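# Results of the structural survey
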Amino acid sequence: MGESEPLLSVRELRVAFPSDRGTVQAADGVSFDVAEGEVVAVVGESGSGKTVTALSVLRLLPRTARISGQVLFRGTNVLDLPDKKLEALRGDKVAMVFQDALAALNPLHRVGDQVGEAIRLHNHKISAKDERARVVELLTSVGIPNPAARSREYPHQFSGGMRQRAMIAMAIANDPDLLIADEPTTALDVTTQAQVLEVLAEARARTGSAMVIISHDLGVVAGVADRVVVMYAGRVVETGTVRQVFHHPEHPYTAGLLATLPRLDDRARRRLARIPGQPPSPVDLPPGCPFHPRCTLASLPEPCADERPELRSVTEADHRSACHFAGALAARPLEAGR
Ligand code: SF4
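Here is a short report on the structure shown in this document. Along each chain, the written sequence defines residue order, and numbers are assigned to residues from 1. Restriction of local features to residues with pLDDT of at least 70 applies here, the model being predicted, together with a cutoff of 80 or more for giving and counting side-chain atom pairs; totals for whole chains, interfaces and linings are based on all residues. Only hydrogens and water are removed before side-chain values are computed, so all heavy atoms of the structure are retained for them.

## Here we look at helix H5 (residues 128-141)
For H5, built from 14 residues, the straight-helix expectation of 20 Å at 1.5 Å per residue is met to within 8% by its first-to-last C-alpha distance of 20 Å. Exposure is judged per residue with a 1.4 Å probe applied to protein chains only, and the accessible area is read against the type maximum: over 50% gives exposed, under 20% gives buried, and values in between give partly exposed. The helix count covers DSSP runs of H or I at least four residues long, the strand count covers runs of E at least two residues long, and both are numbered beginning at the N terminus. All of the buried residues in H5 are Glu 131, Arg 134, Val 135, Leu 138, Leu 139 and Ser 141. Along H5, the residues classed as buried sweep out an arc of 155° about the axis, all on the same side. Facing away from the buried side of H5, by more than 90 degrees, are the exposed residues Lys 129 and Arg 132. Whether two residues are in contact is decided by their heavy atoms, any of which lying within 4.5 Å being enough. Check the buried side of H5 and you find it contacts helix H4 (111-121), helix H6 (147-150), helix H7 (160-171) and helix H8 (190-207). Gly 143 occupies a position one or two residues after H5 and carries a positive phi of about 80°. Here, expected helix span is obtained from the residue count minus one, scaled by 1.5 Å. It is the directions from the helix axis to the C-beta atoms whose arc is reported.

Below is the structure:
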């Protein structure tokens, strides 16, 4: 691998599922890179293809999925890896933190045993004593109080936030190079969300791993991500650094997502804007720009309904948008969401 080669490079990823209503095109030519140690947030509403994209990295999709493109991890295409090599990669070099910790943890096994199993899977020779010590060390590192005692408890005896911490402990058990966190805070209250994000950031800092964090909420990723990939209808519609995307969004969909965020400085307590309408059905995408039926650009210009905009660089090379009017949005005010 060359010096500047990304840790992860997703190239033209396409994922489709057959369904009774037709082919569901869940990801449609998704490309992005993640550098060593970098945090990339993949953001979009439900159905945008963000989770399918994340699951593709570890080939965790159902067998019915038709996948094409490349998912290069350190230059090796994960989509072509034989099963044995894929198993060696999972949980070792690349680890996942799932959205629903209760579903991801085995209810019949003690939490400590499950963390221990994650260690043993890639370190067969570890002694029982060392494994126990490592479990306690990991549970301590994610802020679980009384870790030795709590390691003997079952998942249902943990609160939602504590279960998520235990899952993070399992994910970092083998010092992965890449953590994939799929909506890691969605099921949690706001205070616990902040704590879990902090634990994730600390865990990442300790292992030096890169992270892909999936979220429907731009606000959640603002404080943790270096770069943002915004997805809509299975495609990347905007990508750039946090500064570029948050301060100068170049796609009306991103601007709409940002407008839905509450602002601390909003003394007048205005009602939050929302993006009008619903995301399109993935079996029946509209022609042209898939966002055009919802776009709040004041007067919808000509090519939007029949020409699909390609992702292209806007003012800076690493800030890209798939909008016909990227670079000129400031001159075309957006209507507030209805
Ligand atoms: Fe809106 Fe047209 Fe840009 Fe699509 S291409 S986001 S419809 S302005």
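## Re the environment of Ser 159
As for its placement among the helices and strands, Ser 159 is situated in the loop between H6 and H7. With relative accessibility at 41%, the residue Ser 159 sits in the partly exposed group. The sequence separation of Ser 159 and Leu 102 amounts to 57 residues, and the corresponding C-alpha distance is 9.6 Å.

## Regarding the pairing of strand S8 (residues 210-215)
Across the six residues that make up S8, a large majority, six, are buried. Residues of S8 alternate between two faces, with Ala 210, Val 212 and Ile 214 on one and Met 211, Ile 213 and Ser 215 on the opposite face, all of them buried. Pairing geometry for strand S3 (residues 39-43) and S8, over five bridges, is parallel. Paired with Val 42 across the two strands is Ile 214, which belongs to S8. Strand pairing requires that DSSP identify at least two bridges connecting the strands. Relative to S8, strand S7 (residues 178-182) runs parallel, the two being bridged by five bridges. Opposite Ile 180, over in S8, you have Val 212 as the bridge partner. Considered for its hand, the β-α-β crossover made up of S7, H8 and S8 is right-handed. Handedness is read with the strands pointing away from the viewer; a crossover is right-handed when the path from the first strand over the helix to the second is clockwise.

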